[in-house]
Amino acid sequence: GVHVLLEAFEAMPNDATLDVCGPLNYAPEYSRRLRDFVQHPGVRFVDRIAPEDVPKLLSGMDCLVVPSIWGENSPLTVHEGFLAGIPVVASNLGGNVELLRDGGGLLYPADDPGALASQLQRLYDEPGLARWLASSAPAVKPMTEHVLELEALYTELIEARARGGGVR
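Quick caveat: nothing in here was measured; it's all calculated off a predicted structure.

Please explain unusual backbone geometry as it appears in this structure.
Excluding glycine, residues mostly carry a negative phi; peptide bonds, for their part, are mostly trans. Even without a glycine there, the phi angle at Asp111 is positive, about 65°. With respect to the helices and strands, Asp111 occurs in the loop between β5 (105–108) and α6 (113–125). Residue classification places Asp111 among the exposed residues on the basis of a relative accessible area of 53%.

Hey, could you run me through a nonpolar patch on the surface in this one?
Where nonpolar side chains cluster on the molecular surface, the patch consists of Leu150, Leu153, Tyr154, Leu157 and Ile158 and spans about 480 Å² of accessible area. Positionally, Tyr154 belongs in helix α8 (residues 143–162). Given the relative accessible area of 53%, Tyr154 is considered exposed.

Sorry, what's going on with α6 here?
Each α-helix winds once per 3.6 residues, and so residues spaced three or four apart point in a common direction. In this model α6 runs 18 Å from its N-terminal to its C-terminal C-alpha over 13 residues, within 8% of the 18 Å that 1.5 Å per residue would give. Along α6, the positions that sit buried rather than exposed are Pro113, Ala115, Leu116, Ala117, Gln119, Leu120 and Leu123. Packing partners of the buried residues in α6 comprise α1 (2–9), β3 (64–66), β4 (88–91), β5 and α7 (129–135). Its side-chain oxygen 3.2 Å from the backbone nitrogen of Gly114, Asp112 forms the N-cap of α6.

What am I meant to see in the sheet that holds β5 here?
In sheet architecture, strand pairing relies on hydrogen bonds along the backbone and comes in two forms, parallel and antiparallel. Strand order in this open sheet of 3 strands is β3-β4-β5, and the pairing throughout is parallel. In this open sheet, the two edge strands, each paired with only one partner strand, are β3 and β5. Between one strand axis and the next, the sheet turns through 15° on average, direction left out of account. Two elements, β4 and β5, share 4 bridges in a ladder whose sense is parallel. Looking at the pairing, Ser91 lines up with Tyr108 of β5. Relative to the sheet, helix α4 (residues 76–84) contacts β3 and β4, its axis offset from that of β3 by approximately 165°.

Cut-offs used in this document
Residues numbered from 1 in each chain as written. Predicted model: local features only at pLDDT ≥ 70, side-chain atom pairs only at ≥ 80, totals over all residues. Heavy atoms only, no water. Helix = DSSP H or I, 4+ residues; strand = E, 2+ residues; numbered from the N terminus. Buried < 20%, exposed > 50% of the residue type's maximum accessible area, 1.4 Å probe, protein only. Patch = residues over 30% accessible without salt bridge, like charges linked within 9 Å, V, L, I, M, F, W, Y side chains within 5 Å. Areas by Shrake-Rupley, 256 points an atom, 1.4 Å probe, with all protein chains shown as cover. Salt bridge = Lys/Arg side-chain N within 4 Å of Asp/Glu carboxyl O. Expected span 1.5 Å × (residues − 1). Contact = heavy atoms within 4.5 Å. Polar contact = N/O pair within 3.5 Å; in protein donor to acceptor, adjacent residues only side chain to side chain. Pairing = 2+ DSSP bridges. Axes fitted to C-alpha atoms, helices over the stretch in contact; angles between N-to-C directions.

The quantities given are spatial measurements derived from coordinates; they are silent on function.
As structure tokens, this is what we get:
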């Protein structure tokens with residue numbers, strides 16, 4: 001969905017900036033079309049970011065955009081935005097809807113550059129909105145706690161099956 005983001009960003013004021021992060025050689029033809037499309041002076045393509053460098057990168061951002069055009073279960077990128085204390089602007093597909101339901105960012109209809117542009121413009125125009133959205137983000141469960149919960153669930157399922165019963 002990066003093409004949706006870039007089309008939306010073309011409507012932003014010239015002093016707005018956008019870092020597009022990800023491996024530029026993953027889909028070379030798509031990457032070339034994206035770079036050829038861009039007219040906005042604030043767009044910068046950043047190659048792959050090492051996992052250990054993600055927190056530093058996010059700490060310098062005003063928001064994180066997740067322009068998915070297909071449903072993702074529970075995008076780690078959204079969690080990373082929450083942990084970084086920045087609002088997330090995401091398409092209204094899959095886990096994005098559930099993760100942002102109670103706060104932390106803004107949703108827009110997937111594959112709708114105009115709607116995404118409106119949400120980005122809101123963040124640009126409304127002082128304090130980004131801070132308020134970031135402060136409303138749900139807590140991110142530590143991975144160890146999440147794994148323990150999953151293990152307990154699987155144990156319950158295995159034990160229920162062994163007893164010939166269902167799960168509560």
